[in-house]
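So the chains spell out like this:
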Amino acid sequence: MLASISDPLSRFFTWWGSELTGILSPAPVVASDNPNLYTVAVLESGGYRLIEPRKPRTSSNIANEAALSLSEILSLVASVGRANRSATIGIRVPQRACFVRNVTLPGAAARDFPVLLSLDLERTTPFKQKDVYTAHTVDPSRSGGGRQSLRQYIIKRSLVDGLKSDIEALGLKVTSLECIDAAGAIAPINFLEVPSGRDASLRMKLLLGLASCAVVLAAAGAYIDVSRHEAALELLQSETARLKDEAQSVRDMTAKYQTTASAIASFNQLRRETVSRVAILEELTRLLPDSAWVSDVKISGATVDISGLATSASAIVPILEKSPLFVDATSTSALTFDPLQDKERFGIRVRLRNVAEEVEKAGEEAQ
């Protein structure tokens, strides 16, 4: 049910987000590709000149063009607007009016270059972002090693905002602001092109406003979906509870089975690896000479304690060591002579050969 609600909402916000992005971030106008872009050039002498698009320009006819005053250039721009209603205006200023500086930034921060440059501008220069237009280019020849060399162009708004306002008052739109050096080379920038990160706060506010309206509209549709799926949700919850109980029962049965299986496996292992008491007694009877007899045998896991009487008790230890069943035969008490029996009393402890430690512990617990 949640998927049926979230999918339409996701598609709705994606569509409106793309629409708003298109409105807020229009594609920049490139002067060379726009046949309707007329450029007002601000001359070094303080005059103005109108550059018409796609009009052949040579050094001779440029020199013959007279500089126009502000009123004359505005009159000429107004006539252009009346003749071509699709015309847009660009402003071109001499490079001496622009401040240019080089900044090196990490290449990984390429998407945030405009924001980083704005912060660094106010930190290292006397300019304030609100008082200037800025643009930047990347210098590949000086970039490398994970760092990018940037050239930032800065121009005071007060130098061009008056002319820009006068042109816009004529009903024409100013779409570009460029700078040109003394050799006539135009810097590949447009001060009026808004970088992707520069107006992020404005975009975020507009997006939040649009999102709020979208939420209200989506909430109405979501209410209908919720009311229609309430019964299905209740059924799903009851089914989930039933399956949870069944799963717990299966886990309990599995745990009991594993415990039982482990106990059976341990018992079988113990039965296979422990030596029976009958086999121990038979081996002692076979090994001990007729002049010796056993008075007590104690079996504890893999350990067998033997006590008894023998004509030569010291000879019993080597005899037990030769047995394939016993190992590590040692005396547990001093040899004493029993005058009544005319024999030596002994106490010997042996270990059963090839009995695992786990089996020995299990045998001790069984005792």
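Look above for the structure.
The paragraphs below set out a description of the structure included in this document. (Residues numbered from 1 in each chain as written. Predicted model: local features only at pLDDT ≥ 70, side-chain atom pairs only at ≥ 80, totals over all residues. Heavy atoms only, no water.)

Regarding the sheet that holds strand 7 (residues 174–180)
1) Next: Read from one edge to the other, the open sheet built from four strands follows the order 2-1-3-7, with strand pairing classed as mixed. Looking at which strands have only one partner, the edges of the open sheet turn out to be strand 2 (48–51) and strand 7. Going from strand to strand, the sheet's axes swing by 25 degrees on average, the running direction of each strand aside.
2) Next: By the bridge criterion, four bridges tie strand 1 (residues 37–42) to strand 2 in an arrangement that is antiparallel. If you follow threonine 39 over to strand 2, its bridge partner there is isoleucine 51. (Pairing = 2+ DSSP bridges. Helix = DSSP H or I, 4+ residues; strand = E, 2+ residues; numbered from the N terminus. Axes fitted to C-alpha atoms, helices over the stretch in contact; angles between N-to-C directions.)

Remarks on the side chain of lysine 343
1) Next: For lysine 343, the position within the fold is in strand 12 (residues 343–352).
2) Next: As a buried residue without a salt bridge, lysine 343 has its nearest oppositely charged side chain in aspartate 342, at a separation of 7.1 Å. (Buried < 20%, exposed > 50% of the residue type's maximum accessible area, 1.4 Å probe, protein only. Lys, Arg positive; Asp, Glu negative; His and termini not counted. Salt bridge = Lys/Arg side-chain N within 4 Å of Asp/Glu carboxyl O.)

Re unusual backbone geometry
1) Next: Positive phi outside glycine occurs at aspartate 328, with the angle close to 60 degrees.
2) Next: By the secondary structure assignment, aspartate 328 is in strand 10 (residues 326–331).
3) Next: When its relative accessible area of 45% is taken as the criterion, aspartate 328 is described as partly exposed.
4) Next: A positive phi angle, near 60 degrees, is found at aspartate 342, a position not held by glycine.
5) Next: Mapping aspartate 342 onto the fold places it in the loop between strand 11 (336–338) and strand 12.

Quick word on the packing of aromatic side chains
1) Next: Summed over the entire model, instances satisfying the criterion amount to one aromatic pair.
2) Next: Seen from their ring centres, phenylalanine 99 and phenylalanine 127 are 5.6 Å apart, and the 55 degrees between their planes marks the pair as tilted. On the criterion of sequence distance, the pair formed by phenylalanine 99 in strand 4 (residues 99–106) and phenylalanine 127 in the loop between helix 4 (113–124) and strand 5 (132–138) is long-range, its members being 28 residues apart.
3) Next: Lying across the ring of tyrosine 133, arginine 157 places its NZ or CZ 4.1 Å from the centre. (Phe/Tyr/Trp six-rings, centres within 6.5 Å; stacked < 30°, edge-to-face > 60°. Lys NZ or Arg CZ within 6 Å of the ring centre and 35° of its normal.)

So, helix 7 (residues 277–287)
1) Next: Within helix 7, burial applies to Ile280, Glu283, Leu284 and Leu287. With its buried residues spanning 100 degrees around the axis, helix 7 presents them on a single face. Seen from the buried face of helix 7, the exposed residues on the opposite side, beyond 90 degrees, are Val278, Glu282, Thr285 and Arg286.
2) Next: Turning to helix 7, the residues buried within the fold contact strand 8 (292–300), strand 9 (303–310), helix 8 (316–321), strand 10 and strand 12. (Arc of directions from axis to C-beta. Contact = heavy atoms within 4.5 Å.)

Examining the sheet that holds strand 5
1) Next: With antiparallel pairing, the three strands of this open sheet are ordered in space as 4-6-5. At either end of the open sheet lies a strand with only one pairing partner, and these are strand 4 and strand 5. On average, each strand axis in the sheet is tilted by 30 degrees relative to the strand beside it, whichever way the strands run.
2) Next: Against the sheet, helix 4 makes contact with strand 4, strand 5 and strand 6 (147–156), and its axis sits at roughly 120 degrees relative to strand 4, the strand it touches most.
3) Next: Most of the contacts of helix 5 (residues 157–169) go to strand 6, to which it runs at about 60 degrees, and overall it touches strand 5 and strand 6.

Here we look at the pattern of salt bridges
1) Next: One pass over the structure, following the stated rule, counts ten salt bridges.
2) Next: Note that glutamate 283 and arginine 286 form a salt bridge whose closest N and O atoms lie 2.5 Å from each other. You can see glutamate 283 and its partner arginine 286 sitting in helix 7, three residues apart, about one turn around the helix.
3) Next: By relative accessible area, which is 54% here, arginine 286 ends up exposed.
4) Next: Salt bridges sharing common partners tie together Arg101, Asp120 and Arg123.

Focus: the nonpolar core
1) Next: Core analysis: the biggest nonpolar cluster contains 27 residues, and Val40, Ile167 and Phe191 have the highest contact counts within it.
2) Next: Among the secondary structure elements, those contributing two or more residues to this core are strand 1, strand 2, helix 3 (70–83), strand 3 (88–94), strand 5, strand 6, helix 5 and strand 7.
3) Next: It is helix 3 that provides the largest number of residues to this core, a total of four residues.
4) Next: Once residues within four sequence positions are removed from consideration, valine 40 is found in contact with Tyr48, Arg49, Leu50, Ile73, Val77, Ile89, Gly90, Ile91, Arg92, Leu163 and Ile167. (Core = buried A, V, L, I, M, F, W, Y, C linked by side-chain atoms within 4.5 Å.)

Describing the pairing of strand 12
1) Next: Looking at chain direction, strand 9 and strand 12 are connected through eight bridges and run antiparallel. In the strand pairing of strand 12, valine 304 is matched with valine 350.
2) Next: Bridge count for strand 10 against strand 12 is four bridges, and the pairing is antiparallel. By the bridge assignment for strand 12, valine 327 is matched with arginine 351.
3) Next: The sheet contact formed by strand 11 and strand 12 spans three bridges and is antiparallel. The partner of aspartate 338 across the bridge, within strand 12, is lysine 343.
4) Next: Here strand 11 folds back onto strand 12 in antiparallel fashion, the turn holding four residues, of which aspartate 342 has a positive phi close to 60 degrees.

The values reported here are purely geometric and, on their own, carry no functional implication.
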